[in-house]
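Coordinates in review
One-letter residues, chain by chain:
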Amino acid sequence: MTSQEDECEKTYRPSATIIIATKSNSKERGYNYRILLAKRNYKTAFAPDHYVFPGGVFDRKADEDVEWLNHFENNGVTSSDLQRLSLEHLPNRPRPLMTNKKFFSRDISLRITAIREAFEEVGLLLCVTKEEFKAGNLGHGRYLDGFDKATWQKRVHNNSLEFLNLCKHLNVIPDLWSLHEWSIWRSPPAAMKKYDTILYFVALDKQPQLLLEPSEVEEELWASPSLALKLFAERTIWLPPLQFYEISRLTNALNWSELRDFVKNRSSKGSSLLVLAYYRCNDTLVGTLPNDDFYPPNAIDHRETVQLDEEPEEFHAKAKNLHRLVYKDMYEMSIVCNIPGLDGHLSPNKRLEVEIEKSKL
């Protein structure tokens, strides 16, 4: 841990969020699963009225408490079990988010953040017992009901340190191994509130009963990726760019089982940092992303929007490799991408079933 990395984390606060995909017995617009979007309370300091994936800010005292190691050990989790989660050996680990560790890997502590925040915001406790952990992975996440969820949710909401106490009280451990790395984003340098955010993916075999924390979440929306984008296009809900981009990736996966297996296998490759670098083409904003021909070498320092006296189509025509978000206004958003996904991931225009067939050849 360096002072420079600590300073960076004061500017770009570490955070974690979860894409929750639940299997469904009925199809919606061709999809046999639903994803959870939580509508933020209009009074919240960050992202009021936005529809987002559950998540929140890393709490070093709570999520990196050395006592977690004792709790894991007491429940039969070995150091090698925890080491299985670490991707510190990969060259694409964003600094300092995934490297600025204290007692254990950020691949562990940020999973704790994501699970703690999901419980705090929507009352979903992703966890396993000692016996369930010994039995091995079921291929989907597990969660616990049947306890005084409201009381504990309030306690965790008021004090993040209570999450470890909750796990001790219930004799469970956070189900870290069912969370698979999806992507990592940094807020644009010009953003008022800045975060480095890791997204995890968890597959659930059935839709859980949630308990929304009213000061943070107004309502829940379970929808197929296609329906979520339709509601956004109709201006019924509003999605921030991060959610819009990632849901656009999800539209290419129709089958829950195939998506689950793909994410599990891909996650071992890690995630390159995604940060938008902006150009303005007359009345249209264009945010470039890595591997676009116009993506700046040092996007982190790309603080000012570059003004161009041309239409977006003219700007697109100048590039061979395109990877960009295009904004006409807050709701009229689109993605222009003609390159493969980074780190073996889906791009917004790459069908998952096509990739599966290719892998069989």
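About the cut-offs
- Residues numbered from 1 in each chain as written.
- Predicted model: local features only at pLDDT ≥ 70, side-chain atom pairs only at ≥ 80, totals over all residues.
- Heavy atoms only, no water.
- Helix = DSSP H or I, 4+ residues; strand = E, 2+ residues; numbered from the N terminus.
- Contact = heavy atoms within 4.5 Å.
- Core = buried A, V, L, I, M, F, W, Y, C linked by side-chain atoms within 4.5 Å.
- Buried < 20%, exposed > 50% of the residue type's maximum accessible area, 1.4 Å probe, protein only.
- Pairing = 2+ DSSP bridges.
- Axes fitted to C-alpha atoms, helices over the stretch in contact; angles between N-to-C directions.

Summarising the element assignment, Lys23 is placed in strand 1 (residues 13-28). The spacing of Lys23 and Lys101 is 78 residues in sequence and 35 Å in space, taken between C-alpha atoms. Residues within four places of Lys23 in sequence aside, it is in contact with Asn32, Tyr33, Leu204, Asp205, Lys206 and Trp256.

Time to look at the nonpolar core. Phe72, Leu126, Phe163, Leu176 and Trp177 are the most contacted members of the largest nonpolar core, which has 50 residues in total. Sort the elements by how many residues they give to this core and helix 5 (residues 106-122) lands first, with eight residues. Setting aside residues no more than four positions away along its own chain, Leu176 makes contact with Phe72, Leu82, Leu85, Ile108, Arg111, Ile112 and Ile115. Formed by 42 residues, the second largest nonpolar core is a distinct cluster that contains Ala223, Ala228, Leu242 and Met333.

Okay, the sheet that holds strand 12 (residues 284-288) next. Here we have five strands laid out as an open sheet, ordered 13-11-12-14-15, and mixed in their pairing. At either margin of the open sheet sits one strand with a lone partner, and together these are strand 13 (306-308) and strand 15 (333-337). Averaged over all pairs of adjacent strands, the angle between strand axes in this sheet comes to 25°, irrespective of strand direction. Two strands pair when backbone bridges link them, and strand 11 (residues 277-281) and strand 13 are joined in this way by three bridges, in the parallel orientation. Along strand 13, the bridge assignment pairs Tyr279 with Val306. Lying on the sheet, helix 10 (residues 241-250) is in contact with strand 14 (323-327) and strand 15; it crosses strand 15 at an angle near 55°.

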